[in-house]
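Below are the chains, spelled out letter by letter.
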Amino acid sequence: MPVFDFSGASASKAEAKCTYTTFHSSHTKPSPEQPIMVLDNKERQWKHHSCGVFTNPVNRTAFDFKEEDGNYTADVLKIDSRFTSLLKWLGDSRINVRLSGTNREDGYAVYRIRETAFGGGTKLSAEDGFLQFMIERLLESNAPAEAEEDEEQEENGDEMKLTSIQSITDFMTCAGKTLPDNIRLWTRRNLAVARSSEVSQEERHHAQRALSIMLNIQWKNNYFEAIDPVEARRILDEELYGMERVKQRIIETIIQINRTHTLPAYGLLLIGPAGTGKSQIAYAVARILKLPWTTLDMSSINDSKQLTGSPRIYANAKPGIIMEAFSMAGASNLVFIINELDKANSGKGNGNPADVLLTLLDNLGFTDNYMECMIPTGGVYPIATANDRDQISAPLMSRFAVIDIPDYTAEEKKVIFSRFSLPKVLKRMHMEESECIITEGALEAIIQRYSNTSGIRDLEQAAEHIAANALYQIEVNHVEKVEYTREMVEELLK
């Protein structure tokens, strides 16, 4: 257990004493019941909001309370293991803070820490922004392996970004071993380059940019909390009509995650005609998993370097699309939606984009040429879509659990148009369903009109066309509703 002497006392003084023990916590929202730390309150009951600094006036890990009747010191008794490095940084930097806590039998339970100006006055917005950003990152992190909210919107640190060398350095000091080992080592190496006067300005710029990209991503492990299968089924029924076999396969995946608390070894590959809702299925899965999602359109990838990035030797070097997706999501756990996987082999530049995808899909880690670091991909769940099975290489196919998406029958298209497409369009146009009535003959005409087209996109376009026409007639002709017959629909959809 490290011992922190915030006073910077010389070695000749007595050895500093660590007064606290650490505890594991996975809670992301501190509360009086689940605090960040506990201070000694046997001699004095502390106020709900108390100001002071973390200090070590008597070689003990403590907090120096600045009360109206003087200064009082209380030992730190317990602390969340994720916050030990932050505690050291606050003490080393002699940062004035305001604690929010509750007196309990075992001590003063601190559940919020904010930076204040000297004396506990006005908040220093920039510095406090970093502190709140740091606290939120630590709360989302996992406890170090060796160690067993918001009342005011302004306290939120989500808008904070690590861009300067100082903020990156402070982040590394506070984050400690909550980061993956390889990223921690990579960060130290790139910080050395960014600070060095022996390399070119261009190299320093690339190192700082790479650091900012890497550390603004929340690196999590691949542990997943249990997912409610009933709620998952409700989402699937809300998003998709029919497709019982597809829904069952997704629920099977959810049950597997609940048993293992990890993602399946294989992602999903949805193969079927255009317009059958493959992308909609992928979005529904991301919603069920409660993960951010990003899309990768293989039809627009002509060169493998678009995926892997360019080396830093070039002035205009930049990360690849995959690394940028992590950066945009802000987290390492996400759903990767790969559209048109059957176009992955048609690269026209250097290298085959399909070969790059294999390293991402193997979940062993992905290396970006610009970042020069192995990116953990254990929390990535890939979902790919394709129209033509024959155009997908055997190695790519072997990385997925394949689900065939059949086209809809005429009866299914009727239900989809009546219960999903038209109501959705009317709601978007702020219209009542009673204002646009489709007779049975009109519905037959719509389905017959698009009987030779796959999917339901044409049906959705027809619904929008009909609804817009109804709205036009209501506004211009001052009618209360429009009831469409077969003849009216046939004329409208010519």
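Everything discussed here concerns the structure shown above.
To start, this report covers the structure provided alongside it. Predicted model only: the values in this text are computed from it and were never measured. (Residues numbered from 1 in each chain as written. Predicted model: local features only at pLDDT ≥ 70, side-chain atom pairs only at ≥ 80, totals over all residues. Heavy atoms only, no water.)

Some words on the packing of aromatic side chains
Under the convention used in this document: Side-chain rings of Phe, Tyr and Trp, where Trp is taken by its six-membered ring, are said to pair if the distance between their centres is within 6.5 Å; with planes under 30 degrees apart they count as stacked, over 60 as edge-to-face, and otherwise as tilted. Residue exposure (1.4 Å probe, protein chains only): buried if accessible area is under 20% of the type maximum, exposed if over 50%, otherwise partly exposed. Either the NZ atom of lysine or the CZ atom of arginine qualifies as a charge over a ring when it sits within 6 Å of the ring centre and within 35 degrees of the ring normal.
One pass over the full model with this rule turns up 9 aromatic pairs. Between Phe-54 and Phe-63, the ring centres sit 4.9 Å apart and the planes meet at 70°, which makes this aromatic pair edge-to-face. Residue Phe-54 shares its accessibility class with Phe-63, and that shared class is buried. When the ring of Phe-63 is compared with that of Phe-65, the centres are 4.8 Å apart and the planes differ by 80°; the resulting orientation is edge-to-face. Of the two residues, Phe-63 and Phe-65, both sit in the buried class. An aromatic cluster is built from Trp-46, Phe-54, Phe-63, Phe-65 and Tyr-108, whose rings are joined through pairwise contacts. When the ring centre of Tyr-72 is taken as origin, the NZ or CZ atom of Arg-44, which lies over that ring, is 4.2 Å away.

Digging into the nonpolar core
Quick note on the threshold: By convention a nonpolar core is built from buried Ala, Val, Leu, Ile, Met, Phe, Trp, Tyr and Cys residues, the set being connected through side-chain atoms within 4.5 Å. Helix numbering and strand numbering both begin at the N terminus, where a helix is a DSSP run of H or I of at least 4 residues and a strand a DSSP run of E of at least 2. Residues are treated as being in contact if the distance between any of their heavy atoms lies within 4.5 Å.
Core analysis: the biggest nonpolar cluster contains 84 residues, and Met-37, Leu-86 and Leu-341 have the highest contact counts within it. Ranked by residue count, the leading element in this core is helix 2 (residues 125-140), at 7 residues. Among all residues touching Leu-86, those that are not within four sequence positions of it are Leu-131, Met-134, Ile-135, Leu-138 and Cys-174. Counting residues in each nonpolar core, the second largest holds 57 residues, with Ile-227, Leu-236, Ala-282 and Ile-403 among its members.

Thoughts on the sheet that holds strand 9 (residues 293-297)
Heads up, the condition is: Whether two strands pair comes down to DSSP finding at least two bridges between them. Orientation is described by axes fitted as lines to C-alpha atoms, over the contacting stretch for helices, and by angles from 0 to 180 degrees between their N-to-C directions.
One open sheet holds the 5 strands; their spatial order is 9-10-13-8-14, and the pairing between them is parallel. At either margin of the open sheet sits one strand with a lone partner, and together these are strand 9 and strand 14 (400-404). For this sheet the average axis-to-axis angle between neighbouring strands, irrespective of direction, equals 20°. Where strand 9 and strand 10 (residues 334-339) come together, 5 bridges link them in parallel fashion. Within the sheet, the bridge partner assigned to Thr-294 lies in strand 10 and is Phe-336. Against the sheet, helix 7 (residues 244-260) makes contact with strand 8 (267-271), strand 13 (380-386) and strand 14, and its axis sits at roughly 155° relative to strand 14, the strand it touches most. Contacts from helix 8 (residues 278-289) reach strand 8, strand 9, strand 10 and strand 13, with the element oriented near 165° to strand 13.

A few points about the pattern of salt bridges
When the charged atoms of two side chains lie near each other, side chains of opposite charge can form a pair. Condition: When a carboxyl oxygen of Asp or Glu is within 4 Å of a side-chain nitrogen of Lys or Arg, the pair counts as a salt bridge.
With the rule as written, the count across this model stands at 26 salt bridges. When the shortest N-O distance is used, the salt bridge between Lys-220 and Glu-140 registers 3.9 Å. Under the relative-accessibility criterion, Lys-220 is labelled partly exposed at 36%.

A short note on the packing of helix 3 (residues 165-175) against helix 5 (residues 201-215)
In plain terms, the rule: Comment on the angle field: the value is read as roughly parallel under 35 degrees, roughly antiparallel over 145, roughly perpendicular from 65 to 115, and oblique elsewhere. In a left-handed crossing the near helix is turned counterclockwise from the far helix by less than a right angle, and in a right-handed crossing that turn is clockwise.
At a minimum axis distance of 11 Å, the contact between helix 3 and helix 5 shows a crossing angle of 45°. Here helix 3 is positioned oblique relative to helix 5, judged by the angle of their axes. The hand of the helix 3/helix 5 crossing is left-handed. On helix 5, the residues that touch Ile-165, Ile-168, Phe-171 and Met-172 of helix 3 are Gln-208, Leu-211, Ser-212 and Leu-215.

Observations concerning the pairing of strand 7 (residues 107-115)
The element strand 7 is extensively covered by neighbouring structure, given that 9 of its 9 residues are classed as buried. Strand direction decides the pairing type here: strand 6 (residues 97-104) and strand 7, joined by 8 bridges, are antiparallel. Within strand 7, the residue paired with Val-97 across the bridge is Glu-115. Counting the residues that bridge the hairpin from strand 6 to strand 7 gives 2 residues.

Brief notes about helix 14 (residues 440-449)
In an α-helix, one turn spans 3.6 residues; hence positions three or four apart end up facing the same way. Those residues of helix 14 that sit buried are Ala-442, Leu-443, Ala-445, Ile-446 and Ile-447. In the core, the buried residues of helix 14 are packed alongside helix 13 (410-428), strand 15 (436-438), helix 15 (457-477), strand 16 (482-484) and helix 16 (486-492).

Let's talk about the environment of Ser-50
Stated precisely, the cut-off is as follows: What qualifies as a polar contact is a pair of N or O atoms within 3.5 Å, subject to a donor-acceptor requirement within protein and to the restriction that residues adjacent in sequence count only when both atoms come from side chains.
Note on placement: Ser-50 falls in strand 3 (residues 49-55). In sequence terms Ser-50 and Arg-98 are 48 residues apart; their C-alpha atoms lie 5.5 Å from each other. Among the polar contacts listed, one links the side chain of Ser-50 to the backbone oxygen of Lys-47, at a separation of 3.0 Å.

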